[in-house]
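For reference, the chains in residue letters:
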Amino acid sequence: MSWMITGGAGYIGAHVVRAMRAAGQSVVVYDDLSTGDAARVPDGVPLVTASVLDRARLDAALAEHRVRGVVHIAAKKQVGESVEKPLLYYRENVTGLQTLLGAMVDAGTERLVFSSSAAVYGMPDVETVTEDTPCAPMSPYGETKLAGEWLVRAAARAHGMRVASLRYFNVAGAATPELGDPGTHNLVPMVLERIEAGLPPLVFGDDYPTADGTCVRDYIHVADIADAHLAAAQHLETAAEGTGLTLNIGRGEGVSVLEMIDRVLRATGRTELRPEVVERRPGDPARIVASADRIGAQLGWHASHDVDAMVASAVEGRRRSHG
Ligand code: WQD
């Protein structure tokens with residue numbers, strides 16, 4: 001009996017695969033390789049190269065690998081792109097999830113860990129965000145993640161499934177250099193890309209109502225994210241039918257853009273490059289920091305890596321992947 005990791009050839013998925021294997025759980029990766037890399041799938045782990053929109057391939061994979069639970073990470077996740085292409089994002093992230101759930105119900109696969117996001121909150125006007133903070137997503141990406149949470153909870157209630165939706169805050173770092181974030185769509189990889197080009201990092205606005213005027217985020221090491229997925233899967237193994245958890249994954253500590261950029265510049269020895277302030281990016285909340293009390297209480301999970309560990313591992317991962 002295996003757990004199937006959709007998106008398991010991606011940045012976060014590859015870390016989840018390794019965490020579950022290290023805990024002795026057999027896994028199968030289901031990934032269309034649109035952004036994933038087959039080289040990230042460890043030897044000995046079966047890879048099904050297919051889309052979650054392909055019902056026939058899902059049925060075959062769930063049966064062939066006798067899947068007892070699914071960690072669903074495969075999704076489109078660029079906020080800006082979702083504004084330009086909402087139909088693509090709703091198809092991949094919502095219709096894809098609905099197709100997966102249909103296949104799971106028919107196959108009798110009763111456990112689902114769903115990759116959600118802090119983007120469901122939009123611009124919360126609170127010091128720290130709990131799972132009870134009202135959700136008001138600002139982008140089609142965030143909307144698809146909130147709709148996904150509704151879908152999985154409805155499936156849990158109607159079909160006796162056990163589900164956990166995990167709301168990721170800002171993911172950074174790498175457990176090992178070869179698993180670094182290959183994308184350049186978030187702060188740390190974007191800063192590293194500018195530094196490699198000998199250019200100053202860009203600060204998208206410094207006139208926010210925060211201590212140094214730049215946006216504050218809750219950065220969480222991808223290895224901690226992976227451990228939270230493992231803890232959720234293990235919890236669902238024995239959870240009652242109809243269980244539906246919604247959990248923040250963060251550290252509960254806010255770090256500003258300027259602070260993060262400064263740490264990256266120091267870690268790369270490029271402190272001569274002074275950050276350049278440019279226009280605000282539309283839709284950015286001034287501050288979004290998680291309360292991770294509930295996941296601690298319900299799963300016994302707590303973040304164990306600090307910001308310097310995230311930055312050091314991101315720098316090393318970037319060096320490995322970009323020479
Ligand atoms: C962080 C801060 C930027 C680059 C998004 C999604 C969220 C999650 C993480 C998937 C912002 C600023 C950035 C740069 C900058 N994704 N910035 N200069 O927008 O907080 O969250 O990605 O789940 O759901 O919403 O992350 O890394 O894009 O930006 O000043 O070169 O860094 O304005 O304030 P974000 P981010």
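In the nomenclature of an unreviewed UniProt entry, the protein is known as UDP-glucose 4-epimerase of Streptomyces lonarensis. The annotation that UniProt attaches to the protein under Sequence similarities (unreviewed entry) is "Belongs to the NAD(P)-dependent epimerase/dehydratase family." Its UniProt record, at the heading Pathway (unreviewed entry), says of the protein: "Carbohydrate metabolism; galactose metabolism."

**Student:** Quick rundown of unusual backbone geometry? Include the residues and the values.
**Tutor:** Unlike most non-glycine residues, leucine 33 shows phi in positive territory, near 60°. Along the chain, leucine 33 falls in the loop between strand 2 (27-30) and strand 3 (47-48). Backbone geometry places arginine 66, a non-glycine residue, at a positive phi of 45°. Looking at where arginine 66 falls in the secondary structure, it is placed in the loop between helix 2 (55-64) and strand 4 (67-72). A residue is classified by how much of its surface remains accessible, and arginine 66, at 51% relative accessible area, is exposed.

**Student:** Just give me the short version of helix 4 (residues 86-107), but keep the residues and values in it.
**Tutor:** Over its 22 residues, helix 4 extends 30 Å from the first C-alpha to the last, a length consistent with the 32 Å expected when each residue adds 1.5 Å. Residue threonine 95 marks the point of greatest curvature in helix 4, where the axis turns by about 25°. Of all the residues in helix 4, the buried ones are Tyr89, Glu92, Asn93, Val94, Gly96, Leu97, Thr99, Leu100, Leu101, Ala103 and Met104. Positive backbone phi, approximately 75°, marks glycine 108, located one or two places after helix 4.

**Student:** Which residues make up the environment of histidine 185, and what are the values?
**Tutor:** By the element assignment, histidine 185 lies in the loop between strand 7 (170-172) and helix 6 (187-196). Linking histidine 185 and threonine 35, residues 150 residues apart in sequence, is a C-alpha distance of 13 Å.

**Student:** Please provide a residue-by-residue account of the domain arrangement of the protein, values included.
**Tutor:** As assigned here, the protein comprises domain 1 (2-171 + 220-249) and domain 2 (172-218 + 252-289 + 304-322). Interface area for domain 1 against domain 2, summed over the two sides, is near 2100 Å², with a carbon-plus-sulfur share of 54%. When the area that domain 1 buries against domain 2 is broken down by residue, the three leading residues are Tyr11, Arg40 and His221, summing to 27%. Connecting domain 1 to domain 2 are one salt bridge. Here arginine 287 ties to glutamate 127 by a salt bridge, and the two come within 3.3 Å at their closest N and O atoms. Where domain 1 touches domain 2, the interface holds 13 residue pairs in polar contact (both at pLDDT 80 or more). Mapped onto the side of domain 1 that touches domain 2, the elements with two or more residues apiece are helix 1 (11-22), strand 7, strand 10 (219-221) and helix 7 (222-238). The biggest single contributor to the side of domain 1 that touches domain 2 is helix 1, with four residues. Of the residues that constitute the side of domain 1 that touches domain 2, the class distribution is 14 nonpolar, six polar and four charged.

**Student:** So what's going on with the site of the ligand? Which residues, and what values?
**Tutor:** Taken together, 17 residues form the shell around the ligand, and within it Ser117, Leu187, Arg217, Arg281 and Asp284 come nearest. Between the ligand and phenylalanine 204, the relevant distance is 2.9 Å, taken from an oxygen atom to a main-chain nitrogen or oxygen of the residue. Within the contact set of the ligand, an oxygen atom lies 2.6 Å away from a side-chain nitrogen or oxygen of arginine 217. Here the ligand has 690 Å² of accessible area as a free molecule, and 90% of this is covered by the chains. Listed by contribution, the elements that provide at least two residues to the shell around the ligand are helix 6 and strand 8 (202-204).

**Student:** Explain the packing of helix 6 against helix 8 (residues 257-268) residue by residue, including any values.
**Tutor:** When two helices pack together, their arrangement is given by the angle between the helix axes and by the axis-to-axis distance. Closest axis-to-axis distance for the helix 6/helix 8 pair is 10 Å, and the angle between their directions is 45°. Taken together, the axes of helix 6 and helix 8 lie oblique to each other. By crossing handedness, the relation of helix 6 to helix 8 is classed as right-handed. Of the residues in helix 8, those touching helix 6 at Leu187, Val188, Val191, Leu192 and Ile195 are Val257, Met260, Ile261, Val264, Leu265 and Thr268.

**Student:** How would you summarise the UniProt feature "domain: NAD-dependent epimerase/dehydratase" (unreviewed entry) in the protein if you had to cite specific residues and measurements?
**Tutor:** Summarizing the sequence annotation, UniProt attributes the feature "domain: NAD-dependent epimerase/dehydratase" (unreviewed entry) to residues 4-250 in the numbering used throughout. The span residues 4-250 shows a helical share of 39% and a strand share of 19%, and its end C-alpha atoms are spaced 24 Å apart.

**Student:** Could you give me a rundown of the environment of threonine 184, with the residues and numbers involved?
**Tutor:** One can find threonine 184 in the loop between strand 7 and helix 6. For threonine 184, a relative accessible area of 25% puts it in the partly exposed group.

**Student:** Kindly report on the side chain of threonine 144, identifying the contributing residues and their values.
**Tutor:** Tracing the sequence through the fold places threonine 144 in helix 5 (residues 140-159). A relative accessible area of 0% places threonine 144 in the buried class.

Here is what the cut-offs are and how they apply
Residues numbered from 1 in each chain as written. Predicted model: local features only at pLDDT ≥ 70, side-chain atom pairs only at ≥ 80, totals over all residues. Heavy atoms only, no water. UniProt positions renumbered as here; feature names shortened; annotations may be inferred. Helix = DSSP H or I, 4+ residues; strand = E, 2+ residues; numbered from the N terminus. Buried < 20%, exposed > 50% of the residue type's maximum accessible area, 1.4 Å probe, protein only. Expected span 1.5 Å × (residues − 1). Bend = angle between axes of the 7 residues up to and from the residue. Domains from an automatic or database assignment. Buried area = accessible area lost by both parts, 1.4 Å probe. Salt bridge = Lys/Arg side-chain N within 4 Å of Asp/Glu carboxyl O. Polar contact = N/O pair within 3.5 Å; in protein donor to acceptor, adjacent residues only side chain to side chain. Nonpolar A, V, L, I, M, F, W, Y, C, P; charged D, E, K, R; others polar. Near = heavy atom within 4 Å. Areas by Shrake-Rupley, 256 points an atom, 1.4 Å probe, with all protein chains shown as cover. Axes fitted to C-alpha atoms, helices over the stretch in contact; angles between N-to-C directions. Parallel < 35°, antiparallel > 145°, perpendicular 65-115°, else oblique. Left-handed = near helix turned anticlockwise from the far one by under 90°. Contact = heavy atoms within 4.5 Å.

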